[in-house]
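Fold and geometry: a report
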Amino acid sequence: MAHKDGLTTEERNKKADLMERNSFYNLGVQSIETGTSANFKKSLSMLSRNEKVSGETRANAALGLAKLSQLEDISEKHKNKVNYPSIMDLSIRENLNNETINDLDTKIESVKKVADLEVQKFNKQNNLNEDFNLDKLLSKIESEEEQGEYNNYLAQLRKEDIPEVNQYLDLLLNKELLEKENNEVSKKLRYETNPNNAE
C-alpha cells in the first residue's frame, strides 16, 4: 500500500533505516570532533544490545559502533599531523562513498530482473538484436562500430521511457560517477597519509 508520500511501507522502512544509519555515522563523526567518542561508543554498545528496540536499530547501532572504531583508529594514527583535518575529511568521504556504492549495488540487483524482462519485451516488439541487453552495459565493447550501434540502441530504449529500465540505467550511471569520485578521494587520501608528504 502506498502512503501519501507515494512510498510503500517497505520503501518507507528502508528510507528510515538508511536515515538512522546515517545519523549514527554523523553523530560518531561529531563525537570524534568533540572528544566525546567514548561516551557515544557506550551508548551505541548499549543500544545494540537493547531488546526493546527493533532489530534494525540494534544492527544500525552495531554498524555505527564498527564505523566509529574505524574512524577513531584513523584519528589516533593521524591526529598529530598538520594535515589531520584533510585526512579525516577524506576518510569520512571515502567511507560514505563506499557505503553508498554498496547501497547502489543492492538497488541495482533488485531492479535488474524486472528491467531485463522489459528489455527482452522491447527487443521482441521492435525486432531488435537480442544480443543487446543490460548485461552488455557491464562489459567492455571492443569495436567503435559496435559501440555506436549499442549507443543508438540505448537511445531508442531511453525514448521508450520504461521506468524500470530508466531506473536501472540511472543507478548504473550514479554508481559509475561515484566510483570515479571515490577513486579520486582514495588517491588524495593515499597522498595525504603518505609519511613523505606530511609530518
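Below is a summary of the structure that appears in this document.

About the thresholds
Residues numbered from 1 in each chain as written. Predicted model: local features only at pLDDT ≥ 70, side-chain atom pairs only at ≥ 80, totals over all residues. Heavy atoms only, no water. Helix = DSSP H or I, 4+ residues; strand = E, 2+ residues; numbered from the N terminus. Rg over C-alpha atoms; globule rule 2.2 N^0.38 Å. Contact = heavy atoms within 4.5 Å. Axes fitted to C-alpha atoms, helices over the stretch in contact; angles between N-to-C directions. Parallel < 35°, antiparallel > 145°, perpendicular 65-115°, else oblique. Left-handed = near helix turned anticlockwise from the far one by under 90°. Nonpolar A, V, L, I, M, F, W, Y, C, P; charged D, E, K, R; others polar. Buried < 20%, exposed > 50% of the residue type's maximum accessible area, 1.4 Å probe, protein only. Core = buried A, V, L, I, M, F, W, Y, C linked by side-chain atoms within 4.5 Å. Salt bridge = Lys/Arg side-chain N within 4 Å of Asp/Glu carboxyl O.

1. Overview of the overall build of the chain
The helix and strand inventory of the chain stands at six helices and zero strands. At 22 Å, the chain has a C-alpha radius of gyration far larger than the 16 Å of a compact globule built from 199 residues. Based on the C-alpha atoms only, the size of the chain along its principal axes is roughly 65 × 50 × 25 Å. Of the contacts made within the chain by residues no fewer than 6 positions apart, 63% connect residues no fewer than 24 positions apart.

2. Structural notes on the packing of helix α2 (residues 37–49) against helix α3 (residues 55–78)
Close contact between α2 and α3 brings their axes to 7 Å; oriented N to C, the two are set at 150 degrees. Our classification of the angle between α2 and α3 gives roughly antiparallel. Crossing angle aside, the handedness with which α2 passes α3 is left-handed. In contact with Ser37, Ala38, Phe40, Lys41, Leu44, Ser45, Leu47, Ser48 and Arg49 of α2, α3 contributes Thr57, Arg58, Ala61, Ala62, Gly64, Leu65, Leu68, Ser69 and Glu72. Within the contact of α2 with α3, the residues separate by chemical class into eight nonpolar, six polar and four charged.

3. So, the environment of Leu157
The topology assignment puts Leu157 in helix α5 (residues 144–159). Leu157 sits in the buried class, given a relative accessible area of 1%. Leu157 sits 31 residues away from Asn126 along the chain, and the two C-alpha atoms are 10 Å apart. In this structure Leu157 touches Val119, Phe122, Ile162 and Val165, once residues within four positions along its chain are discounted.

4. What about the nonpolar core?
The biggest cluster of nonpolar side chains holds 20 residues, and the ones touching the most others in it are Val119, Leu134, Tyr153, Leu157, Val165, Tyr168 and Leu169. Listed by contribution, the elements that provide at least two residues to this core are α4 (84–125), α5 and α6 (163–193). A total of seven residues in this core trace back to one element, the largest contributor, which is α4. When neighbours within four sequence positions are excluded, Val119 is seen to be in contact with Phe132, Asn133, Leu134, Tyr153, Leu157 and Val165. Grouped together as the second largest cluster of nonpolar side chains are twelve residues, Phe24, Tyr25, Leu71 and Met88 included.

5. Comments concerning the pattern of salt bridges
Evaluation of the coordinates by the stated rule reveals 14 salt bridges. Notably, a salt bridge pairs Arg21 with Asp103, separated by 3.5 Å at the nearest N-O pair. Note that Arg21 is positioned in helix α1 (residues 9–34) and Asp103 in helix α4, a separation of 82 residues in sequence. A salt bridge links Glu99 to Lys67; the shortest N-O distance between them is 3.5 Å. Taken together, the residues span a long stretch of sequence, with Glu99 in helix α4 and Lys67 in helix α3 at a distance of 32 residues. Taking relative accessible area as the criterion, Glu99 reaches 11% and is therefore assigned buried. Overall, the relative accessible area of 17% leaves Lys67 in the buried class. A single network of salt bridges, built from pairs that share partners, joins Asp17, Arg21, Lys67, Glu99 and Asp103.

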